[in-house]
Amino acid sequence: MSAQGELAIVTGAGSGMGQAIAWSLAKEGYSVVGVGRSAEKLDDTARRSPAPLEVLSLDVRNRDEVTRSLSSAISRLGTPKILVNN
């Protein structure tokens with residue numbers, strides 16, 4: 001099964017394990033949306049990524065914010081195949 005174009009959402013993608021997971025999935029061909037609270041850290045994740053990925057700054061503790069923010073990505077990229085709650 002090819003990962004090409006399949007959506008993966010990774011929380012905590014601004015640093016550490018979340019960042020490494022986001023990079024790994026992007027290298028495997030997933031369309032990755034890296035989520036976190038710090039826009040600055042997320043921008044660094046996207047800039048240093050070995051493969052293209054999108055980032056989205058939001059607080060996952062706020063259900064309304066998550067629903068509103070992820071709706072756009074899901075409508076463009078499809079149903080997530082992988083969700084990493086880091």
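So, a few notes on the structure that sits alongside this text. Note that the coordinates shown come from a computational prediction; the quantities given were computed from them, not determined experimentally.

### Regarding the nonpolar core
Generally speaking, nonpolar side chains in soluble globular proteins are found buried as a group. Residues Ala 8, Val 10, Ala 13, Ala 22, Trp 23, Leu 25, Ala 26, Val 32, Leu 42, Ala 51, Leu 53 and Val 84 constitute the largest nonpolar core, which totals twelve residues. Secondary structure elements with two or more residues in this core: strand S1 (7-11) and helix H1 (16-27). The element contributing the most residues to this core is H1, with four residues. When sequence neighbours within four positions are dropped, the list of residues in contact with Ala 8 reads Leu 25, Tyr 30, Ser 31, Val 32, Val 33 and Ile 82. Formed by eight residues, the second largest nonpolar core is a distinct cluster that contains Leu 7, Val 33, Val 35 and Leu 58.

### A look at the sheet that holds strand S3 (residues 54-57)
On the basis of which strands lie adjacent, the open sheet formed by four strands has the order S3-S2-S1-S4 and parallel pairing. In this open sheet, the two strands that pair with only one neighbour each are S3 and strand S4 (80-84). Sheet twist, expressed as the average angle between the axes of neighbouring strands with direction ignored, equals 20 degrees. Bridging between strand S2 (residues 31-36) and S3 involves four bridges; their strand directions are parallel. For Val 35, the partnering residue across the bridge sits in S3 and is Leu 56.

### Quick look at the pairing of S1
Among the five residues in S1, five count as buried, and that is most of the element. In terms of strand pairing, S1 meets S4 through four bridges, oriented parallel. Counted as the bridge partner of Ile 9 is Leu 83 from S4.

### Notes on the pattern of salt bridges
Scanning the entire structure with this criterion turns up four salt bridges. One salt bridge in this structure joins Arg 48 and Asp 44, with 3.5 Å as the shortest N-O distance. Residue Arg 48 and its partner Asp 44 are located together in helix H2 (residues 39-48), separated by four residues, close to a single helical turn. The exposure class assigned to Arg 48 is partly exposed, which follows from its relative accessible area of 48%.

### What to know about helix H3 (residues 63-77)
Look at H3: 20 Å from first C-alpha to last across 15 residues, which is about the 21 Å you get at 1.5 Å a residue. At Leu 70, H3 shows its maximal bend, which comes to roughly 35 degrees. Residue Gly 78 follows H3 closely and has a positive phi angle near 100 degrees.

### Considering H2
Looking only at H2, the buried set comprises Leu 42, Asp 44 and Thr 45. Buried residues along H2 cover an arc of 155 degrees about the axis, so they all sit on one side. In this structure, H2 carries Glu 40 and Arg 47 as exposed residues pointing more than 90 degrees from its buried face. Summarising the contacts, the buried residues of H2 are in contact with H1, S2 and S3.

How each quantity is defined
Residues numbered from 1 in each chain as written. Predicted model: local features only at pLDDT ≥ 70, side-chain atom pairs only at ≥ 80, totals over all residues. Heavy atoms only, no water. Core = buried A, V, L, I, M, F, W, Y, C linked by side-chain atoms within 4.5 Å. Buried < 20%, exposed > 50% of the residue type's maximum accessible area, 1.4 Å probe, protein only. Helix = DSSP H or I, 4+ residues; strand = E, 2+ residues; numbered from the N terminus. Contact = heavy atoms within 4.5 Å. Pairing = 2+ DSSP bridges. Axes fitted to C-alpha atoms, helices over the stretch in contact; angles between N-to-C directions. Salt bridge = Lys/Arg side-chain N within 4 Å of Asp/Glu carboxyl O. Expected span 1.5 Å × (residues − 1). Bend = angle between axes of the 7 residues up to and from the residue. Arc of directions from axis to C-beta.

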